[in-house]
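Structural features, examined
For reference, the chains in residue letters:
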Amino acid sequence: MKKFLTLLLAAMLIQAGASAQDLTFDASRGIERTLTYDGRAVNFIAYENIFYVANPASDAQRLSVYVPAEYLRGGIVNGYSATTAPIFLPNGVGGYMPGNILEPLENDRMSGGANASLVALSRGLVVVSPAIRGRTTVEGGEYVGKAPALIVDYKAAVRWLRFNRDRLPAGDTEKIISNGTSAGGALSAALGATGNAHEFEPYLADLGAAFERDDIFASSDYCPITNLDNADAAYEWIFCGVNEYYQAVWQRNPNATAEDANHPVPVKKAAVMTAEEIKASETLRDAFPAYVNSLDLLDEHGNPLTLDKRGNGSFKDYIKGKYIESAQSALDSGADLAGVDWVKIKRGRVVDVDLKKYPAAVTRMKAAPAFDKLDLSSGENDEFGTAANEPRHFNKTLFNDTFANADVIRMMNPMNFIGREDVTTAKHFRIRHGAADRDTALAIPAILALKLQNSGVDVDFFSPWGRGHGGDYDLPELFDWIDGICKGGA
């Protein structure tokens, strides 16, 4: 009943609001373009910079639609037709900053090659990429992109798609697949986990979002910076005891040629945590077992995954198993792991990993707390800040003042929605987190994956060996996965 009344209120607000922008898709605006991927032409029609809400809080709330040109001629691409083509929904969010529209590119600055949007088109997917507000978005002197604006915008884009389901030249709106990296990976995970959740309705209604569903079919999440209210504890469960940390500082390359002299390079700069930070690290480490145990997680055989007060137990063994799987995959591919002192190998098999040696080997990146900083200086503190740009705390283990709105903190964490009967969770998740990622602990995406699996969701979770913090590094495999879930009738 509560959900029905919330939906009814949202519909009334949309009806009453002045619709400054028409949400109806205009198929006459398309422009045909051609790019090259893997030695062949990729022809597509671009419909660009379309508002996806009627009452935008920012001029940035626009999206672009890219459709393989063959579909407008009744053709088939990679076994898909205009009516069966999945819709790839990538976001460009990083650091909880505003995300730009990800137009197809042959030479993406981040990947050094074709970006995910172009590869998706080459594989027959329709690409719809929304620009999304972030923590630095300002309109009318106010910061309008603080939490939960990012997930609200992503949902509004999904609703726009469903509103225009019969007007789009191609694309199956029941096969929408999100994709993102880092904070964008967290956003993609949140979209997949919070389908049709009533908490977001007032925000969507205020924007004049289409009165449609916002659940999706699948979610692709690279190194998601998620579960922020527990991410500090997870980080210290791994890194506590390592007090020196290294962050990248961009400096001029002394060996650069004259042509490259103005292009800085990242250099690791060491620092040592203060006594206050070390104390916070220990407090957070000690709090992590209780959080893990509160989740009632099970492994694939139905065995409980728990930790004792010292941080040891079956959950730790599960995490070790993910690193063992990663190292074995690298070993099977011909990698030389002889110098990796935290990995134990016998007769070509990885038999154990030492999680005490691991943090020293990969090095700590962030002083404690990693996300909710003592001085409110992190991007995440900024993300939970006010419209006046005042940062806020969000970790109850350490702080009880200058705190963000509790409801907003809950809305930003997908863990709070998985398994709820009134929420439609995506059927499929693909989660990747590099084995050398120092930005957040592997435990965080692992907890997300386990919670999803325990709720009956199909999850493909892996930690690629040697990978740090990044995404879209395995695009052929990503789109093979998408083909598998979309062509298999799931």
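Residues numbered from 1 in each chain as written. Predicted model: local features only at pLDDT ≥ 70, side-chain atom pairs only at ≥ 80, totals over all residues. Heavy atoms only, no water.

1. Digging into the pairing of strand β13 (residues 349-353)
Where a strand is regular, its side chains alternate between the two sheet faces. The pairing of strand β12 (residues 343-346) with β13 spans 4 bridges and is classified as antiparallel. When the sheet's bridge partners are listed, Ile345 is paired in β13 with Val350. Counted along the chain from β12 to the antiparallel partner β13, the turn is 2 residues long, and its residue Arg347 has a positive phi close to 50 degrees. (Pairing = 2+ DSSP bridges. Helix = DSSP H or I, 4+ residues; strand = E, 2+ residues; numbered from the N terminus.)

2. Describing the sheet that holds strand β8 (residues 176-181)
Pairing is mixed in the open sheet, where 9 strands are placed in the order β1-β2-β3-β5-β4-β8-β9-β14-β15. Bordering the open sheet on either side are β1 (31-37) and β15 (458-462), each of which pairs with just one other strand. Across the sheet, the mean angle separating the axes of adjacent strands is 20 degrees when strand polarity is ignored. (Axes fitted to C-alpha atoms, helices over the stretch in contact; angles between N-to-C directions.)

3. What to know about unusual backbone geometry
The omega torsion across Ala147 and Pro148 is 5 degrees, close enough to zero to call that bond cis. Positionally, Pro148 belongs in the loop between β7 (142-143) and α3 (149-163). For the bond running from Ala368 to Pro369, omega is -10 degrees, close enough to zero to count as cis. Following the sequence through the fold, Pro369 ends up in the loop between α9 (358-362) and α10 (379-383).

4. Digging into empty space enclosed by the protein
Using the criterion set out here, one finds 2 cavities of 30 Å³ or more in the structure. For the largest cavity, the calculated volume is near 60 Å³. For the largest cavity, the full set of lining residues is Tyr96, Leu150, Ile151, Ala183, Ala186, Leu187, Ala190 and Met412. When contributions to the lining of the largest cavity are tallied by element, the ones reaching two or more residues are α3 and α4 (183-193). Element by element, the count of residues in the lining of the largest cavity is highest for α4, at 4 residues. Grouping the amino acids of the lining of the largest cavity by side-chain chemistry returns 8 nonpolar, no polar and no charged. Here the second largest cavity is characterised by a volume of approximately 30 Å³. In this structure, the second largest cavity is lined by Asn227, Leu228, Asp229, Phe384, Ile409, Met412 and Asn413. Counted by class, the lining of the second largest cavity contains 4 nonpolar, 2 polar and 1 charged residues. (1 Å grid on protein atoms, 1.4 Å probe; cavity = no way out; pocket = protein on both sides within 12 Å on 5 of 7 lines; lining within 4 Å. Points joined across faces, edges and corners; volume = space filled by probe spheres on them. Nonpolar A, V, L, I, M, F, W, Y, C, P; charged D, E, K, R; others polar.)

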